[in-house]
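# What the coordinates show
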Amino acid sequence: LLVESLRACLDTTGSTISGLVSISEVGSGKTPLSVFLSKQEDGPIFEDYYADRAPVVPGGIMQTATLTYYLDRGAVSMEKSMTGLDSLSVREGFLKSDRYVTDRYVLDDVEKEFRSEYRGFMDNLDRYFGTSDVYYVPQFYYWGPLKRNIASICDGTGIILSQRQILQFYGSIANGGVRPSRRYFPKSRICSEEIAKEIASLLRENVTDGTGRLLKDCPVPVSGKIGTGILDKGRVPEYGSVEEKGEVRMSSFVGFFPSYDPKYVMCVTLYFNDCPGNSLPALAFGDIVKEIMDKGLL
């Protein structure tokens, strides 16, 4: 099902494009099912069914983790206004995918003292996403001089994750803030149940009234968020060599469904040689959800 849906998505464009989709059960702790497909223009499709090593720059998706931590610590509230040209509330900023926490709260926070709230957020990345030997999950034992660049991690521009790590965090939110046990890692709570429900509600609102509106009419209620980013070509499996020069742009959508009783959490990421079609991952996400429903798997 994943292969068929992803292949259909690749067929919608004539340009060189790759796609990665991963899905797991909410609350089970099982290893996600992942598939990577790559289509060269007028060429064969490269398939990889062990695709966890395909990297993701989480982009706006990382904003969800930042907001979860700051809300759980009581450092911000959803309705508190941001300072700036638009004077948005945190909630409005999230739905517009603005840098609602970073520009207003994190940068102010890191200026205060060495042990800031943001430093605590960085110390909790492993708890949110799990450990990784492959991707860049920073651990700060010292405070570097480029505070603005460091703070950009909150917006997903300074970090590379696997889809497995992203699914782990979103699956925990869908599971009431509880990360399920997996292999040698016991079940643990990443945030309060109240905050998890608030974030889950906001992710649903993002689909009905925010940047995820393409899935508003999906027959199965979906909750989630779009992310965009840029990678070096050498990190993408289709190129196969870190010597490959150039950049690959990417767009992704991660979410869980059905919103009212989450059963699955899924991430769809598409890689482009040119400007990404930010809508395509969400459309592919919706197509897969419909196929799952039609096959009676919900």
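A brief structural summary. (Residues numbered from 1 in each chain as written. Predicted model: local features only at pLDDT ≥ 70, side-chain atom pairs only at ≥ 80, totals over all residues. Heavy atoms only, no water.)

### Some details on a negative patch on the surface
- Taken together, the side chains of E4, D287, E291 and D294 present a region of like negative charge at the surface.
- Per-element tally for the negative patch: the top contributor is helix α10 (residues 279-294), with three residues.
- Positionally, E4 belongs in helix α1 (residues 2-10). (Patch = residues over 30% accessible without salt bridge, like charges linked within 9 Å, V, L, I, M, F, W, Y side chains within 5 Å. Areas by Shrake-Rupley, 256 points an atom, 1.4 Å probe, with all protein chains shown as cover. Salt bridge = Lys/Arg side-chain N within 4 Å of Asp/Glu carboxyl O. Lys, Arg positive; Asp, Glu negative; His and termini not counted. Charge placed at Lys NZ, Arg CZ, Asp CG, Glu CD. Helix = DSSP H or I, 4+ residues; strand = E, 2+ residues; numbered from the N terminus.)

### Side note on the environment of Q63
- Mapped onto the secondary structure, Q63 falls in helix α2 (residues 61-72).
- Its relative accessible area of 4% is what places Q63 among the buried residues. (Buried < 20%, exposed > 50% of the residue type's maximum accessible area, 1.4 Å probe, protein only.)

### What about the packing of α1 against α10?
- Contact geometry for α1 and α10: axes closest at 10 Å, N-to-C directions at 145°. Between α1 and α10 the crossing geometry is right-handed. On α10, the residues touching L2, S5 and C9 of α1 are L280, A284, I288 and E291.
- Residues of the contact of α1 with α10, tallied by class, amount to five nonpolar, one polar and one charged. (Axes fitted to C-alpha atoms, helices over the stretch in contact; angles between N-to-C directions. Left-handed = near helix turned anticlockwise from the far one by under 90°. Contact = heavy atoms within 4.5 Å. Nonpolar A, V, L, I, M, F, W, Y, C, P; charged D, E, K, R; others polar.)

### With respect to the pattern of salt bridges
- Within the structure shown, the criterion is met by four salt bridges.
- Across the pair E25 and K30 runs a salt bridge whose closest N-O atoms are separated by 3.7 Å.
- A relative accessible area of 37% places E25 in the partly exposed class.
- Here R91 and E79 are joined by a salt bridge, their closest N and O atoms 2.8 Å apart. Of this pair, R91 sits in helix α3 (residues 90-96) while E79 is found in the loop between α2 and α3, placing the two residues 12 residues apart along the sequence.
- What makes R91 partly exposed here is its relative accessible area of 21%.
- Salt bridges here are not isolated pairs; linked through shared partners, they connect E79, R91 and E205.

### Observations concerning the packing of aromatic side chains
- Enumeration over the complete set of coordinates arrives at 11 aromatic pairs.
- Aromatic pair F36 and Y271: ring centres 6.2 Å apart, planes at 55°, arrangement tilted. Taken together, the positions of F36 in strand β2 (residues 33-39) and Y271 in strand β10 (residues 264-272) put the pair 235 residues apart, joining distant regions of the chain.
- Residue class for Y271 comes out buried when judged on its relative accessible area of 2%.
- With a centroid separation of 5.4 Å and an interplanar angle of 40°, the aromatic rings of F129 and F169 are classed as tilted. Here F129 is found in helix α6 (residues 125-129), whereas its partner F169 is found in helix α8 (residues 163-174), with 40 residues between them in sequence.
- Given the relative accessible area of 5%, F129 is considered buried.
- Counting every residue linked through ring pairs, the aromatic cluster contains Y69, Y70, F121, Y128, F129, F169 and Y170.
- The ring of F94 carries K225 above its face, with NZ or CZ at 4.4 Å from the centroid. (Phe/Tyr/Trp six-rings, centres within 6.5 Å; stacked < 30°, edge-to-face > 60°. Lys NZ or Arg CZ within 6 Å of the ring centre and 35° of its normal.)

### Thoughts on the pairing of strand β9 (residues 247-257)
- Burial within β9 is extensive, with nine of its 11 residues counted as buried.
- In the sheet, strand β8 (residues 223-232) pairs with β9 via 10 bridges, with the strands oriented antiparallel. From the neighbouring strand, S223 faces β9, where its bridge partner is F256.
- For β9 and β10, the ladder comprises nine bridges, and the chain directions are antiparallel. Looking at the pairing, F256 lines up with V265 of β10.
- What sits between β9 and β10 in their antiparallel hairpin is a turn of six residues. (Pairing = 2+ DSSP bridges.)

### A few points about the nonpolar core
- Membership of the largest hydrophobic core comes to 57 residues, with the highest contact counts inside it found for L67, Y118, F121 and Y271.
- Contacts of L67, omitting those with residues within four sequence positions, involve V76, M78, V90, F94, Y100, V101, I199 and L202.
- Of all hydrophobic cores here, the second largest spans 28 residues; its members include L2, L37, F253 and L270. (Core = buried A, V, L, I, M, F, W, Y, C linked by side-chain atoms within 4.5 Å.)

Everything listed is a geometric property; what it means functionally is a separate question.
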